[in-house]
Amino acid sequence: MKNIFKIFIFGAFALLSSSCSSFLDEPVLGQENLDTYFQSEEECLKQLAGCYQGIFWDGWWQIAAPNVGFDMATDDLWMGNTTQSQSDWLRMAHYGNPKQDGPLSNYWQYRYKSILRCNIVIEKVATAPISNEDLRKRIIAEAKFLRAFNYFELVKNYGGVPVITGMKLPSEIQGIQRETVEGTYAVIEQDLKDAITDLPLKSEYSSADLGRATQGAAMGYLGKAYLYQGKYKEALKILGDLINTQEYDLCTNFKDVWSIANNNSIESLFEVQYSSDISYSLGGRLPVFTGSRDDSGWSWGLPTSNLEKAFIDAGDTERLRWTIVKNGDDVPGDDTDEGKDYVISPNKHKSARINRKFYVPHDLRPSPYDSDHNNLNHRLLRYADVLLMYAEAANEEGNDSEARKALKRVRDRVSLPEVTASGKTLRDAIRLERRLELALEFQRLYDIRRWTDDNGKKAICNIMGENGTFVRYNMIESTDEYEITNQKENSNKGITFQENRDLLFPIPNTEVLLSGGSIAQNPNF
């Protein structure tokens, strides 16, 4: 398998589009010579399309599946599938040692392939013989945004990583080492600041450019990068500025957030653009990957009863309804016969539950369904997340009135009462709100890794481990008939979690070996 060196030395200059808003109509196949390419606006835009493809790529296994795997390592998801070989996902979800496994290696490799494409665009477009300087700036800004996005995805999973920001010769990257976490974030912050300067607002794009990176998306990710580092003052400022643009709002109904009819909604800051055109493989596979095995799905990453209980304890029936489907439920939003008394066989599915957010109603499914043709865009950053990040930063900075206002907007949508608490009680309410609002959207792991609890430990250290709340719940407290009965995935998930190891994933072992040791492994792997 290619490692970082081979990617940056021999990376193919493939002009491939990612998916299908108007600016990404269809894949452009083949390879081009870098010395003769970038001679027109069209060529510059085609290579930029390849950068967008690198967000999730065209298949399910490079990025999308590992993202589900990362969420399996939380209290929200089981590995789930209890009918097939489980080793790779089991080591990730149950805190074995997955350094040899394909999902982590694929994720690393394809993030760096995406970064290579961005580096090519940034360097080549800067000197391309095109006359439209505003377009030149915008293309470079889009590529910088996407490069920052990829490095952000790497740093939050692996810690500090090798940082390459140009088209480097083999001699220039031989012996490359990992940058520190702080150094990696510095590159992310600068790219996002540059992008903010030259990207248009969402409202300034034409309909043909729907889905491109926007100034608002760059502001949102910069706020998130600040928040993940504990830079609450900076996060509060940029997120407040973003809110004040009034470019975004919440969808009126929570059920509309993850529906095909509301792709690129007013709540969306950034999402993967998918197409159901069966002429190309430009659609998503997550509805299949996480779906019921009784309905053409693969059942990887299934919701836990612990997550369901969190909704019930909070009185949050509306979001529960549109987040988790349980065996025997009528699937909300699917009025077909197939959606009634829905089957999720308990012997095939650890929890007999599936993720409703990724579910596609039967009358909206392409044919064939088990393929890369589903056109439910994947929401990467939405306005509810922005409001809750703002609330968290405001609370950390002692501005509880602002925190409560932002929190109220999110809770009002699902008719939950206003939170009147302050201080740590308000902090805990905001944390719970993030779990419920953003459940199964690939946010939970990074929240519980970064939050510090009152005992000084990261939240995940109090959730996982022999005495963790999630482990105790499953081993002692739970009365869930499905999870207790199906032990083909052991209910002791998290019992092998190690505080001095598992706040990050391991660097793929192939990268460590092929670097000759210059890329150091994370501790205790």
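Our structure's up above, just so we're on the same page.
Residues numbered from 1 in each chain as written. Predicted model: local features only at pLDDT ≥ 70, side-chain atom pairs only at ≥ 80, totals over all residues. Heavy atoms only, no water.

**Quick look at unusual backbone geometry**
Between serine 367 and proline 368 the backbone carries a cis peptide bond, its omega angle lying at 5°. Relative to the helices and strands, proline 368 is located in the loop between strand E5 (353–355) and strand E6 (378–382). In this structure, tyrosine 95 is a non-glycine residue whose phi angle is positive, near 60°. The residue tyrosine 95 is located in the loop between helix H4 (87–93) and helix H5 (102–125) in this model. The class for tyrosine 95 is buried, based on a relative accessible area of 4%. We note that leucine 440 has phi near 70°; this positive angle belongs to a residue other than glycine. By relative accessible area, which is 2% here, leucine 440 ends up buried. (Helix = DSSP H or I, 4+ residues; strand = E, 2+ residues; numbered from the N terminus. Buried < 20%, exposed > 50% of the residue type's maximum accessible area, 1.4 Å probe, protein only.)

**Re the pairing of E6**
With 5 of 5 residues buried, E6 is to be regarded as a mostly interior element. Sheet analysis places strand E2 (residues 268–272) next to E6, joined by 4 bridges and oriented antiparallel. When the sheet's bridge partners are listed, serine 268 is paired in E6 with arginine 382. (Pairing = 2+ DSSP bridges.)

**Digging into the packing of helix H8 (residues 181–198) against helix H9 (residues 215–228)**
In a packed pair of helices, the relevant descriptors are the angle between the two axes and the axis-to-axis distance. Taken N-terminus to C-terminus, the directions of H8 and H9 make an angle of 155°; their axes are 9 Å apart at the nearest point. The orientation of H8 relative to H9 falls into the category roughly antiparallel. Remark: the crossing between H8 and H9 carries left-handed chirality. In this structure, H8 uses Tyr185, Ile188, Glu189, Leu192, Lys193, Ala195 and Ile196 to contact H9, whose residues at the interface are Gln215, Ala218, Met219, Tyr221, Leu222, Ala225, Tyr226 and Tyr228. (Axes fitted to C-alpha atoms, helices over the stretch in contact; angles between N-to-C directions. Parallel < 35°, antiparallel > 145°, perpendicular 65-115°, else oblique. Left-handed = near helix turned anticlockwise from the far one by under 90°. Contact = heavy atoms within 4.5 Å.)

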